[in-house]
Amino acid sequence: MSARAEAFVEAGDQEVRISHPDKVVFPEPGLTKLDLANYYVAVAEGALRGAGGRPMVLKRFAKGLGQEPFFQKRVPENHPPYIGTATLRYASGTSAEEAVLRDAAGLAWVSNLGCLDLNPHAVRAEDLDHPDELRVDLDPMPGVDWSQIVDVAFVAREVLEDNGLVGWPKTSGSRGLHILVRIRPDWGFSDVRLAAETLAREVENRAPGLATARWWKEERGESVFVDFNQNAKDRTVASAYSIRPLPDARVSTPLDWDEVRSRRPEEFTVPTVLERFAERGDPHAGIDDAVGSLDGLLALARELGPAEKPPRSGDGAGRRVSTMPLVEVARTRTKPEAVEALERWKAAHPGVVEHLSPADELVDGMRGSSSLWYRVRVNLQHVPEAQRPEQEELVADYDPWAGREWAGRP
């Protein structure tokens, strides 16, 4: 029997076309494009609580899980009438008319485009300058286990409560945790980011060694980074009920606080979340009734004083000079290539490897013009100085901007 060219999903009063519905997206659990569209329709109430009414970047896995996604800010011109739009203007001077989802049909439509996860901004389409959500992203460094992430989450909850705010936890769908905080849309992005940075600094103050607010990855050690920069104007975060691009079709899942210590991210996949949602609904059902003020965190910011700024070079270029002994290993197009490059470097330096901790191996996804690329570095802080290798020719040297031209580029 040949694969179908199309199928249709009933979403409210809309019928949404799904192209190539039998295409297997997740081979391990055997989930097809049609399965994913039906999933989003089934959990629409919860998914729209996180992403509905917000402009969103379309993160499209058009070539499947094995290929890097591309990021599409501009909504396709032939979008259906039930897809709203909002025009966002960026600091670079550019603008983009982005998609705004308001119903289950919109969720099915973006799913058909190859969007596994939903990536909304922290603002509503009706007010693009004043976020109504503060986002706490607990990002563990390599070597950090789940219990440490949980400990930091409860410290963050305590700091929020001390400042009159309610945090709503969810798994990130990867290794970390997110805590969402509804706020009144009375502050601009700079104040919201300052409040988030202040929260991060206070969490570090209360849990030194467990948590860090240090922006530069090589300075964090084996700790949980409280990523305040996710509150910058151009940032988006995978929202609640987003399917993540992991082989088991893991889902970013809202939790009650009494579940945070006992549950694990790998428990929540498309099949298990469908069952969970049908049985108990959305643990974040009350989030829009718990709107708070940033006054407490902004007062704490004044009390703590300015955050420490990273050192800069003295050559006038403004580039940061790291305080850590770093060597760059590679720049690659994909993460598997990055991991392979790191292993090749380690094989060439066996005497160095025995001194490295997991957090010393830095593989970072970097945002290119429309997709991610990967930078690989090694922090030699634990290697005796006499044994530290010098910077060498990169194992791989991918240029994410090759062939692109813009003013000022050589």
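Residues numbered from 1 in each chain as written. Predicted model: local features only at pLDDT ≥ 70, side-chain atom pairs only at ≥ 80, totals over all residues. Heavy atoms only, no water.

1. Some remarks on the overall build of the protein chain
And then number 1: In terms of helices and strands, the protein chain carries ten helices and 18 strands.
And then number 2: Taken over C-alpha atoms, the radius of gyration comes to 22 Å for the protein chain, in line with the 22 Å a tight globule of 410 residues would show.
And then number 3: Taking the principal axes of its C-alpha atoms as reference, the protein chain extends roughly 70 × 55 × 50 Å.
And then number 4: For the protein chain, the residues scored as buried account for 52% of the 410 residues in total.
And then number 5: Taking as baseline every contact in the protein chain between residues at least 6 positions apart, the subset at least 24 positions apart corresponds to 68%. (Helix = DSSP H or I, 4+ residues; strand = E, 2+ residues; numbered from the N terminus. Rg over C-alpha atoms; globule rule 2.2 N^0.38 Å. Buried < 20%, exposed > 50% of the residue type's maximum accessible area, 1.4 Å probe, protein only. Contact = heavy atoms within 4.5 Å.)

2. A few points about the packing of helix 5 (residues 189-206) against helix 8 (residues 295-304)
The packing of two helices is summarised by the inter-axis angle and the distance between the axes.
And then number 1: At their nearest, the axes of helix 5 and helix 8 sit 9 Å apart, and the two run at 65° to each other. Here helix 5 runs over helix 8; the crossing is left-handed. Mapping the contact onto sequence places Asp-191, Leu-194, Ala-195, Thr-198, Leu-199, Arg-201, Glu-202 and Asn-205 in helix 5 and Leu-297, Leu-298, Leu-300, Ala-301 and Leu-304 in helix 8.
And then number 2: Grouping the constituent residues of the contact of helix 5 with helix 8 by class yields eight nonpolar, two polar and three charged. (Axes fitted to C-alpha atoms, helices over the stretch in contact; angles between N-to-C directions. Left-handed = near helix turned anticlockwise from the far one by under 90°. Nonpolar A, V, L, I, M, F, W, Y, C, P; charged D, E, K, R; others polar.)

3. Quick notes on the nonpolar core
And then number 1: Of all hydrophobic cores here, the largest spans 87 residues; its most connected members are Tyr-39, Leu-134, Leu-138, Val-203 and Leu-294.
And then number 2: Considering each element in turn, this core owes the most residues, nine residues, to helix 4 (residues 146-162).
And then number 3: Other than its neighbours up to four places away in sequence, Tyr-39 contacts Tyr-241, Ile-243, Val-251, Val-270, Val-273 and Leu-274. (Core = buried A, V, L, I, M, F, W, Y, C linked by side-chain atoms within 4.5 Å.)

4. Quick look at the confidence of the model for the protein chain
And then number 1: When pLDDT is averaged across the protein chain, the result is 89; 93% of the residues are at 70 or more.
And then number 2: In this model, residues 313-318 is a region of pLDDT below 50 whose contacts with residues beyond four sequence positions or in other chains number four contacts. (pLDDT = per-residue confidence, 0-100.)

5. A look at helix 8
And then number 1: Within helix 8, burial applies to Leu-297, Leu-298, Leu-300 and Ala-301. Down the axis of helix 8, the smallest arc covering the buried residues is 155°, so these residues share one side. Turned more than 90 degrees off the buried face of helix 8, the exposed positions are Arg-302 and Glu-303.
And then number 2: Phi turns positive, to about 80°, at Gly-305, one or two residues after helix 8. (Arc of directions from axis to C-beta.)

6. Topic: the environment of Ala-238
And then number 1: In this fold, Ala-238 is placed in the loop between strand 14 (224-227) and helix 6 (257-260).
And then number 2: Taking the C-alpha atoms as reference points, Ala-238 and Ser-172, separated by 66 residues in sequence, lie 7.3 Å from one another.
And then number 3: Residues within four places of Ala-238 in sequence aside, it is in contact with Asp-117, Leu-118, Asn-119, Lys-170, His-178, Arg-244 and Ser-252.

7. Considerations on the pattern of salt bridges
And then number 1: Enumeration over the complete set of coordinates arrives at 28 salt bridges.
And then number 2: With a shortest N-O distance of 2.8 Å, Arg-182 and Asp-288 are connected by a salt bridge. Placement of the pair is Arg-182 in strand 12 (residues 177-182) and Asp-288 in the loop between helix 7 (270-280) and helix 8, with a sequence separation of 106 residues.
And then number 3: One salt bridge in this structure joins Arg-263 and Glu-267, with 2.7 Å as the shortest N-O distance.
And then number 4: When its relative accessible area of 30% is taken as the criterion, Glu-267 is described as partly exposed. (Salt bridge = Lys/Arg side-chain N within 4 Å of Asp/Glu carboxyl O.)

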